[in-house]
Amino acid sequence: MKYNVKIGIIGGSGLDNPDLFKDATEQKVITPYGEPSDLLLSGKLNGIDCVLLARHGRNHSISPTNVNYRANIWALKHLGCTHIIASSATGSLKEEIKPGDLVILDSFIDLTKKRELTMFNKDDKVIHIPVEPAFCSTTRNIIIETAQSLGIHVHQTGTAVVIEGPRFSTKAESNLYRSWNADLVNMTLAPEVVLAKEAGLLYATIAMATDYDCWREATEKVNVANVVKVFQENVKKITKLFIEVVPKIAEKNWDVEIDELNNLIQESVQSK
Ligand SMILES: CSC[C@H]1O[C@H](OP(=O)(O)O)[C@H](O)[C@@H]1O
Ligand SMILES: Nc1ncnc2[nH]cnc12
């Protein structure tokens with residue numbers, strides 16, 4: 001049985017312009033926060049309504065700091081999305097998370113410095129949203145089960161440190177994140193995951209480790225070329241996972257999860 005879901009797909013580095021839909025329609029969406037990163041592409045993926053948005057624009061012209069995360073999330077909500085599944089290229093902070101591996105993130109540490117952190121500072125509402133669990137556990141479980149059924153190895157949990165960028169980290173920084181027992185480092189997860197929650201969207205990220213950042217002596221240090229190369233070598237795997245996860249999500253009735261999220265948002269508003 002198919003329920004009324006629409007899935008927003010935010011394509012990160014390496015998945016900026018994937019040819020996922022057969023008959024796609026492009027739409028420009030203007031939001032109260034300005035313009036999203038690009039036109040939004042609506043179409044069916046494996047029979048399910050989806051909307052695709054390139055996080056950095058389809059030509060990868062927007063830096064992590066300048067991504068209009070609020071406009072992106074607002075636009076996906078406006079087009080009727082119930083879920084977002086995002087991709088992210090990330091640096092591995094652990095030996096056992098190898099370049100090319102996929103990680104279904106379950107937490108993050110936000111070290112960003114220059115970003116709009118809430119959807120709610122446009123009017124007179126103040127909202128303090130509890131973010132834990134940061135990602136939708138049910139969506140994450142479906143992604144994990146789907147990966148297992150396809151024989152795709154995924155790490156079932158992972159904490160990502162989110163840095164401001166656009167520069168990569170120093171060895172001292174990388175080792176500091178390792179000492180925190182973090183698994184991955186990227187530049188875009190925050191505030192995207194939090195804004196999705198504020199917008200009432202069920203959000204999960206499939207992260208791909210593309211490099212060992214710069215802490216591992218025996219390995220080439222991270223640079224754009226090796227990130228792109230490793231992502232392209234593994235792009236079929238992550239694309240396959242997206243294609244197969246989408247109908248699995250549509251098999252479930254999400255009324256309970258959506259109601260819970262909407263209640264959480266209502267309860268989190270301080271000023272009325
Ligand atoms: C191209 S290397 C750095 C860049 O890659 C990741 O992007 P995304 O999360 O959108 O896949 C990382 O966060 C940086 O923005
Ligand atoms: N090492 C790294 N640091 C930050 N963002 C990344 N994206 C891919 N690899 C990364």
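As recorded in an unreviewed UniProt entry, the chain goes by S-methyl-5'-thioadenosine phosphorylase and comes from Aphis gossypii. Under the UniProt heading Sequence similarities (unreviewed entry), the note attached to the chain is "Belongs to the PNP/MTAP phosphorylase family. MTAP subfamily." One UniProt comment on the chain, placed under Catalytic activity (unreviewed entry), says "S-methyl-5'-thioadenosine + phosphate = 5-(methylsulfanyl)-alpha-D-ribose 1-phosphate + adenine".

**Quick notes on the nonpolar core**
Membership of the largest hydrophobic core comes to 82 residues, with the highest contact counts inside it found for Ile7, Ile73, Leu189, Ile206 and Leu241. Broken down by element, the residue count for this core peaks at 8 residues, all from helix α6 (residues 235-250). Discounting chain neighbours no more than four positions away, the residues touching Ile73 are Ile10, Ile84, Met119, Glu192, Leu195, Ala196, Ala199 and Leu201. Counting 9 residues, the second-largest nonpolar core is a separate cluster that includes Val161, Val185, Tyr212 and Trp215.

**Some details on helix α1 (residues 69-78)**
Of all 10 residues that make up α1, 7 are buried, and the element is covered over most of its length. Of the surrounding elements, those touching the buried residues of α1 are β1 (7-11), β3 (40-45), β4 (48-54), β5 (83-92) and α4 (189-198). A positive backbone phi angle near 95 degrees is found at Gly80, which sits one or two residues after α1.

**Remarks on the site of ligand 2**
Around ligand 2, the surrounding shell consists of Ala89, Thr90, Gly91, Phe168, Val185, Asn186, Met187, Thr210, Asp211, Asp213, Val222 and Val227. In the model, a nitrogen atom of ligand 2 is placed 3.3 Å from a nitrogen or oxygen of the Gly91 main chain. Side-chain polar atom of Asp211 to a nitrogen atom of ligand 2: 2.6 Å apart, as the coordinates give it. In the complex, the protein chains occlude 95% of the 260 Å² of accessible area that ligand 2 would expose alone. With 3 residues, the single largest contributor to the shell around ligand 2 is β5.

**Structural notes on the packing of aromatic side chains**
When we look at a pair of aromatic rings, we describe it by the centre distance and by the angle of the planes. Inspection of every chain in the model, using the stated rule, returns 3 aromatic pairs. Seen from their ring centres, Tyr177 and Trp180 are 5.6 Å apart, and the 45 degrees between their planes marks the pair as tilted. Relative to Trp215, the ring of Tyr212 has its centre 5.5 Å away and its plane inclined at 85 degrees; by these criteria the two rings are edge-to-face. Given a relative accessible area of 6%, Tyr212 falls into the buried group. When its relative accessible area of 9% is taken as the criterion, Trp215 is described as buried. The cationic tip of Arg178 hangs over the ring face of Trp215; the distance from NZ or CZ to the ring centre is 3.6 Å. Across the ring face of Trp254, the terminal group of Lys252 is positioned such that the distance to the ring centre comes to 5.0 Å.

**Concerning the pairing of β1**
Counting buried positions along β1 gives 5 out of 5 residues, so the element sits mostly inside the fold. Residues Ile7, Ile9 and Gly11 line one face of β1 and the alternating positions Gly8 and Ile10 line the opposite face, and both faces are buried. Where β1 meets β4, 5 bridges bridge the pair, whose relative direction is parallel. Bridge pairing in β4 links Ile7 to Cys50. Pairing geometry for β1 and β5, over 4 bridges, is parallel. Bridged to Gly8 within β5 is Ile84.

**A look at the packing of helix α2 (residues 137-150) against α6**
The relative placement of two packed helices comes down to the angle between their axes together with the axis-to-axis distance. In the contact formed by α2 and α6, the axes pass within 9 Å of each other and the chain directions differ by 125 degrees. On the basis of their axis angle, the class for α2 and α6 is oblique. Like other packed secondary-structure pairs, α2 and α6 cross with a definite hand, here right-handed. Between α2 and α6, the contacting residues are Thr139, Ile142, Ile143, Thr146, Ala147 and Leu150 on the first element and Lys240, Leu241, Glu244, Val245, Lys248 and Ile249 on the second. Residues that form the contact of α2 with α6 fall into these classes: 7 nonpolar, 2 polar and 3 charged.

Cut-offs used in this document
- Residues numbered from 1 in each chain as written.
- Chains lettered and ligands numbered in written order.
- Predicted model: local features only at pLDDT ≥ 70, side-chain atom pairs only at ≥ 80, totals over all residues.
- Heavy atoms only, no water.
- UniProt positions renumbered as here; feature names shortened; annotations may be inferred.
- Core = buried A, V, L, I, M, F, W, Y, C linked by side-chain atoms within 4.5 Å.
- Buried < 20%, exposed > 50% of the residue type's maximum accessible area, 1.4 Å probe, protein only.
- Helix = DSSP H or I, 4+ residues; strand = E, 2+ residues; numbered from the N terminus.
- Contact = heavy atoms within 4.5 Å.
- Near = heavy atom within 4 Å.
- Polar contact = N/O pair within 3.5 Å; in protein donor to acceptor, adjacent residues only side chain to side chain.
- Areas by Shrake-Rupley, 256 points an atom, 1.4 Å probe, with all protein chains shown as cover.
- Phe/Tyr/Trp six-rings, centres within 6.5 Å; stacked < 30°, edge-to-face > 60°.
- Lys NZ or Arg CZ within 6 Å of the ring centre and 35° of its normal.
- Pairing = 2+ DSSP bridges.
- Axes fitted to C-alpha atoms, helices over the stretch in contact; angles between N-to-C directions.
- Parallel < 35°, antiparallel > 145°, perpendicular 65-115°, else oblique.
- Left-handed = near helix turned anticlockwise from the far one by under 90°.
- Nonpolar A, V, L, I, M, F, W, Y, C, P; charged D, E, K, R; others polar.

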